[in-house]
Amino acid sequence: MEHEDLKPPAAPARELRRRSALIGIGAVACVGAVDVGAFAYVSGRATPDRLTPGRLADGFETVFGKHPGFRRNHAKGVSVAGEFVASGAGTSVSEATVFEDGRRTPVTGRFSLSGGVPDVADATKTVRGLALRFDLPDGEQWRTAMVNLPVFQDRTPQGFYDRMLAFKALPDTGQPDPEKKAAFLAEHPETVRAMELAKKHPPTSGFADSTFNGLNAFHFTNGSGGSVPVRWSMVPLQPVRAAAKGPIGRNELFETLIDAFDGGPLRWRLVLTIGGPEDPLDDATLPWPDSRRTLDAGVLTLSSVHTEASGNARDINFDPTVLPRGIAVSDDPLLSARSSVYARSFARRTGEPDTKGTVKVTGKHDD
Ligand code: HEM
């Protein structure tokens, strides 16, 4: 599969490639990973109710079922590859080499839909993800996993877990239990506010014209000892179109993305937003004011799309706390939770049988 999409797009090959890319969605090989899940976000006495990485990972399996070999969340996805070319503007706030003027940094990434079902039908409202790994010199890496929401729905890992269970779709209606949902929302005004804000930023037509936001705050440090809080976003250079109204094809978002690469590379601007002294660093449900200073740090160019075979995103854990010198985590409680749960999810899926090729895709181009 590697780089086959760089070949001239003969029509039958294109159909095959599109189907192939989808057929490998989400599967992993056995790579013998070790569960390195730290547990920084839970403290206090040991009780059976204590939220642990294992319980969080179990929560995904309770809600979405068990799908061996697949990510517990964002299970449906495809891998991409390209490079980031820095504008130099980011060097004023960070000494990370990735921001040096003109530097080209290779990038491996993954587009995904939230939820733990690997062959779930595409829907415009489902949260879209873009995860990236920047490979810097000297073995340094910057990993990030972003979504197309303006803020996150939950302030704490416990809120995430409770919401996931409260919003579990009932088999008969396909909708959450109205009482459980209402009870959760009554306890979580921050989630209600975040959902209202999301309605003001409706999803765009697809992956290529989505803005992907890092949402958590990080500390950027430059070589002169300066430190500023930063949130980052990938803003599309593709024209933005409104999402389709009503249902879409089962794999339509992914098929449209794969087809878009036939027209050439896809590009996003990396925008760094510098937080002010009053801005929350430990609450991803709260937006920062629109007036905050931004820096255009460079352009991400994604030039190829692949299945999740070994060698690209299938075997990567996009742990958002893997950072180069010049970028550091904040006190946001989601970050340490994400790190430990992603590790647990990675350990489970890579320890399970290789399910490569077993996903049934029944899109209109299936043959
Ligand atoms: C406590 C909060 C969160 C929990 C428990 C959680 C859980 C997970 C898990 C278990 C995975 C699968 C990891 C793997 O197997 O590799 C995942 C993937 C992902 N998460 Fe989260 N997540 C949380 C917060 C967030 C936030 C705040 C964002 C965005 C800013 C985000 C974006 C993503 C994306 C894009 C992926 C897919 C990464 C990939 O393609 O490998 N998550 N999440």
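What counts and what doesn't
Residues numbered from 1 in each chain as written. Predicted model: local features only at pLDDT ≥ 70, side-chain atom pairs only at ≥ 80, totals over all residues. Heavy atoms only, no water. UniProt positions renumbered as here; feature names shortened; annotations may be inferred. Helix = DSSP H or I, 4+ residues; strand = E, 2+ residues; numbered from the N terminus. Expected span 1.5 Å × (residues − 1). Buried < 20%, exposed > 50% of the residue type's maximum accessible area, 1.4 Å probe, protein only. Polar contact = N/O pair within 3.5 Å; in protein donor to acceptor, adjacent residues only side chain to side chain. Near = heavy atom within 4 Å. Phe/Tyr/Trp six-rings, centres within 6.5 Å; stacked < 30°, edge-to-face > 60°. Pairing = 2+ DSSP bridges.

As recorded in an unreviewed UniProt entry, the protein goes by the name Catalase-related peroxidase, listed as coming from Streptomyces violaceolatus. Its UniProt record gives the protein the following Cofactor (unreviewed entry) comment, quoted word for word: "heme". UniProt's Sequence similarities (unreviewed entry) comment on the protein is quoted here verbatim: "Belongs to the catalase family."

Draft legend 1. Focus on helix 7 (residues 333–350). Taking 1.5 Å as the rise per residue, helix 7 with 18 residues should run 26 Å; its terminal C-alpha atoms sit 26 Å apart, in good agreement. Taking burial as the measure, the 18 residues of helix 7 include 14 buried ones, the bulk of the element. Structurally, the start of helix 7 carries an N-cap: the backbone nitrogen of L334 is 2.8 Å from a side-chain oxygen of D332.

Draft legend 2. A look at the site of the ligand. Close to the ligand lie 27 residues, the nearest being R71, R110, Y342, S345 and R349. R338 is positioned such that a nitrogen or oxygen atom in its side chain is 3.5 Å from a nitrogen atom of the ligand. The side chain of R349 places a nitrogen or oxygen atom 2.8 Å from an oxygen atom of the ligand. Secondary structure elements with two or more residues in the shell around the ligand: helix 2 (53–64), strand 2 (104–113), strand 3 (128–135), strand 4 (141–147), helix 3 (157–166) and helix 7. Counting residues per element, the shell around the ligand draws most heavily on helix 7, which supplies seven residues.

Draft legend 3. Quick look at the packing of aromatic side chains. On inspection of all chains with the given rule, the structure shows 16 aromatic pairs. Ring plane angle 80° and centroid distance 5.8 Å describe the contact between F84 and F134, whose orientation is recorded as edge-to-face. Linking F84 in strand 1 (residues 76–86) with F134 in strand 3, this pair joins segments that are 50 residues apart in sequence. Considered together, F84 and F134 belong to a single accessibility category, that of buried residues. Here F207 and F254 contribute two aromatic rings whose centre-to-centre distance is 5.0 Å and whose plane-to-plane angle is 50°, an arrangement assigned as tilted.

Draft legend 4. Expanded view of the pairing of strand 7 (residues 227–236). Counting buried residues along strand 7, eight of its ten residues qualify, which places the element largely inside the surrounding structure. One ladder, built from two bridges, connects strand 5 (residues 212–213) with strand 7; its direction is antiparallel. Its bridge partner being in strand 7, N213 is matched across the sheet by S233. Of the strand pairs in this sheet, strand 6 (residues 218–221) and strand 7 are connected by four bridges, and their pairing is antiparallel.

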